[in-house]
Amino acid sequence: MSETADSYFRKIMAELFETPYYRTQRIQELEKAAIKGLNDFPVSLPGHITYLQALAMLGNKEKAVFQAQKIWEMGGQLAPEYEASYIDTLINLGLKDMVEILLHPRYNNIEASYALFGRALEKFALQQGNFFNLTKVQHLAPEEKSNKVLGEILNYYRQNQKEDNFSNVMKIIFETSHEQALAYKHFFYTDRGFPEMETVVYTNQDADNGGKFERYINKKIDSYYASINQPRINNISVRVLMVSEHPALYKSKQSPAVPEDLPKSQYNPEEWGF
């Protein structure tokens, strides 16, 4: 192979980022290309992270977790964009302990870290229900619709002294789903007249089993509110979808026909998420 490992794997990763997860045949082709590259560059961290991305997109949880741990054991220096991709995949796979080690120093130096790791810092704080870290990240968040809606949700819980409710519900969603999860996304709506957030958990389960799993998570949330003798606050919801329904990570500017395939709100108009 005449080209460098960096240029070879960077092209594969770029296409993976622009490919919706339902295009399994193309992702499998890119996975094979990553494996071929690793035969030539067996210790390339970018190569291993590219292969990890393909595994997660194909829904191969067991292999993806093994590959994530292999990269962890290899160690070494990474370009920031590959580190950000690796962290995001760890978050999606529910590998909480590894993410905490990598993001802890970045939460402590959040202003310097936000430009490259802001989305990961926000996503992990949301996933773990860490109200303190989430508030720190929010202060630096750009003026986007999703961040505005999230800020309104946080203000509601803060003003009503219900930060624990927010944290516990998010923890219930994570603790119940992390062994099944292949990805998490958070969507924000305002079409019912108040700000609300939907956590989407992507798994390998089919629609029927995913629906049962979704109801199981909701029962756990209902049980939590019953245990504290309070009505459930209905501005946080959860949905379980097949991993093949996950949208492309980035929409290609060169390929505007590639669908985003964002989940559609059951209520209606605009929706935003990360």
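Residues numbered from 1 in each chain as written. Predicted model: local features only at pLDDT ≥ 70, side-chain atom pairs only at ≥ 80, totals over all residues. Heavy atoms only, no water.

Colleague: How should the packing of helix α3 (residues 45–57) against helix α4 (residues 61–74) be read in this particular structure?
Modeller: In a packed pair of helices, the relevant descriptors are the angle between the two axes and the axis-to-axis distance. Put simply, α3 and α4 touch, their axes get as near as 9 Å, and they point 160° apart. As the angle between them shows, α3 and α4 are arranged roughly antiparallel. Along this stretch, α3 crosses α4, giving a crossing that reads as left-handed. For the pair α3 and α4, the contacting residues are L45, H48, I49, Y51, L52, L55 and A56 in the first and K63, A64, Q67, A68, K70, I71 and M74 in the second. For the contact of α3 with α4, the class distribution of residues is ten nonpolar, two polar and two charged. (Axes fitted to C-alpha atoms, helices over the stretch in contact; angles between N-to-C directions. Helix = DSSP H or I, 4+ residues; strand = E, 2+ residues; numbered from the N terminus. Parallel < 35°, antiparallel > 145°, perpendicular 65-115°, else oblique. Left-handed = near helix turned anticlockwise from the far one by under 90°. Contact = heavy atoms within 4.5 Å. Nonpolar A, V, L, I, M, F, W, Y, C, P; charged D, E, K, R; others polar.)

Colleague: Sorry, what's going on with the side chain of T176 here?
Modeller: Structurally, T176 is set in helix α10 (residues 163–177). You can call T176 buried: its relative accessible area is 15%. A polar atom in the side chain of T176 sits 2.6 Å from the backbone oxygen of I172. Setting aside residues up to four positions removed in sequence, T176 forms contacts with F213, Y216, I217 and K220. (Buried < 20%, exposed > 50% of the residue type's maximum accessible area, 1.4 Å probe, protein only. Polar contact = N/O pair within 3.5 Å; in protein donor to acceptor, adjacent residues only side chain to side chain.)

Colleague: How do you make sense of the environment of F124 when you look at a structure like this?
Modeller: Position of F124 among the secondary structure elements: in helix α7 (residues 110–128). For F124, a relative accessible area of 5% translates into the label buried. Spatially, the C-alpha atom of F124 lies 11 Å from that of Y107, the residues being 17 residues apart in sequence. F124 has contacts with I91, K96, V99, E100, L103 and Y107, leaving out every residue within four places of it along the chain.

Colleague: When you look at helix α1 (residues 5–17) in this model, what are you seeing that I'm missing?
Modeller: Given 3.6 residues per turn, any residue in an α-helix points the same way as the ones three and four places further on. Compared with the 18 Å implied by 1.5 Å per residue over 13 residues, the 18 Å span of α1 between its first and last C-alpha is a close match. Listed in full, the buried residues belonging to α1 are A5, Y8, F9, I12, M13, L16 and F17. Seen along its axis, α1 keeps its buried residues to an arc of 160°; they face one direction. Against α2 (24–40), α3 and α5 (80–92) lie the buried residues of α1. (Expected span 1.5 Å × (residues − 1). Arc of directions from axis to C-beta.)

Colleague: Any chance you could explain the pairing of strand β1 (residues 183–189) here in plain terms?
Modeller: For a regular strand, side-chain orientation follows a simple rule: the groups alternate between the two sheet faces. β1 sits mainly inside the fold: seven of its seven residues count as buried. Here β1 shows no split at all, with A183, K185, F187 and Y189 on one side and Y184, H186 and F188 on the other all buried. Looking at chain direction, β1 and strand β2 (residues 196–203) are connected through seven bridges and run antiparallel. Looking at β2, one finds that K185 is bridged to V200. What sits between β1 and β2 in their antiparallel hairpin is a turn of six residues, with G193 showing a positive phi close to 95°. (Pairing = 2+ DSSP bridges.)

Colleague: I'm lost on the pattern of salt bridges in this one. Help?
Modeller: Note on pairing: side chains with opposite charge can pair once their charged atoms come close. Per the stated rule, a full pass over the model turns up ten salt bridges. E196 is the salt-bridge partner of R192, the closest N and O atoms lying 2.9 Å from each other. According to the relative accessible area criterion, E196 is buried, its value standing at 4%. A single salt-bridge network, built from bridges that share partners, covers D6, R10 and E81. (Salt bridge = Lys/Arg side-chain N within 4 Å of Asp/Glu carboxyl O.)

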